[in-house]
Amino acid sequence: MGLDVGSHTVGIAISDLMGWTAQGLTTLKINEEQEEYGLDELLKLIKEHQVKKVVIGLPKNMDNSIGPRAQASLDYGEKLQALDPTLEVIYQDERLTTSQAERMLVEEGNVSRKKRKHIIDKVAAVLILQSYLDTHGN
């Protein structure tokens, strides 16, 4: 499973059974400020899809340092792992993934701004997971 963690949403992608391709699954609404992370819903999806590994996008700064958004992703992974210690949580460098997802939706998909807003995080999660699958196999 791949996750693109934002401050308001978490995009979720899942791989096929062979671990070759990533497909968008859903987007969870969260609220970082109120410490509502949607982890109960996420754990239901993890159980439903028999997930063993979760790949979380790590949006490092261009100089490879950990900024606030990358720290939020690390914190999210720690919270998830605390709730299910059997999960393998992996962090995948995802610099520019969201902008790449937006470019794909505009240039290749001709998706309107309103629709992009609702699916961009799910597409970014697909890119994160596919990048991991391409470099690490299943």
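Here, the structure is the one placed above.
Right, let's walk through the structure included here. For every chain, the first residue of its written sequence is number 1, and the numbers climb from 1 along that sequence. Confidence filtering applies because this is a predicted model: local features only for residues at pLDDT of at least 70, side-chain atom pairs given and counted only at 80 or more, and all residues used for totals across whole chains, interfaces and linings. Hydrogens and waters are ignored; side-chain quantities use all the structure's heavy atoms.

## Focus on the sheet that holds strand β1 (residues 2–5)
Strand pairing in a sheet takes place through backbone hydrogen bonds and is either antiparallel or parallel in direction. Strand pairing is defined by DSSP finding a minimum of two bridges between the two strands. Helix numbers and strand numbers start at the N terminus; a helix is a DSSP run of H or I with at least 4 residues, a strand a run of E with at least 2. The five strands are arranged β3-β2-β1-β4-β5 in an open sheet whose pairing can be described as mixed. On the outer flanks of this sheet lie β3 (22–29) and β5 (88–93), each paired with one strand and no other. When strand polarity is set aside, the average angle formed by the axes of neighbouring strands in this sheet is 25 degrees. Relative to strand β2 (residues 9–15), β1 runs antiparallel, the two being bridged by four bridges. Directly across from Leu-3, in β2, lies its bridge partner Ile-12. Between two residues, a contact is recorded if the distance between any of their heavy atoms is within 4.5 Å. Axis angles are defined between N-to-C directions and span 0 to 180 degrees, where every axis is a line fitted to C-alpha atoms and, for a helix, only to the segment in contact. Sheet contacts for helix α1 (residues 39–48): β1, β2, β3 and β4 (53–58); angle to β3, the most-contacted strand, approximately 155 degrees.

## Here we look at the packing of α1 against helix α2 (residues 68–83)
Running from N to C, α1 and α2 cross one another at 60 degrees; their axes reach a closest spacing of 11 Å. By crossing handedness, the relation of α1 to α2 is classed as right-handed. For the pair α1 and α2, the contacting residues are Leu-39, Leu-42, Leu-43 and Ile-46 in the first and Tyr-76, Lys-79, Leu-80 and Leu-83 in the second. Nonpolar residues are Ala, Val, Leu, Ile, Met, Phe, Trp, Tyr, Cys and Pro. Charged residues are Asp, Glu, Lys and Arg, and all others, Gly as well, are polar. Residue composition of the contact of α1 with α2, by class: seven nonpolar, no polar and one charged. The crossing is said to be left-handed when, going from far helix to near helix, the turn is anticlockwise and less than a right angle, and right-handed when the turn is clockwise.

## Things to note about the environment of Arg-69
In this fold, Arg-69 is placed in helix α2. On a C-alpha basis, the gap between Arg-69 and Val-5 in space is 8.5 Å, while along the polypeptide they are 64 residues apart. Contact partners of Arg-69, with chain neighbours within four places excluded, come to Val-5, Gly-6, Ser-7, Glu-32 and Pro-59. Within 3.5 Å is the distance limit for a polar contact, defined as a pair of N or O atoms, with the added protein rule that one can donate a hydrogen and the other accept it, and that residues adjacent in sequence qualify only through two side-chain atoms. For Arg-69, the side chain forms a polar contact with the main-chain oxygen of Gly-6, separated by 3.5 Å.

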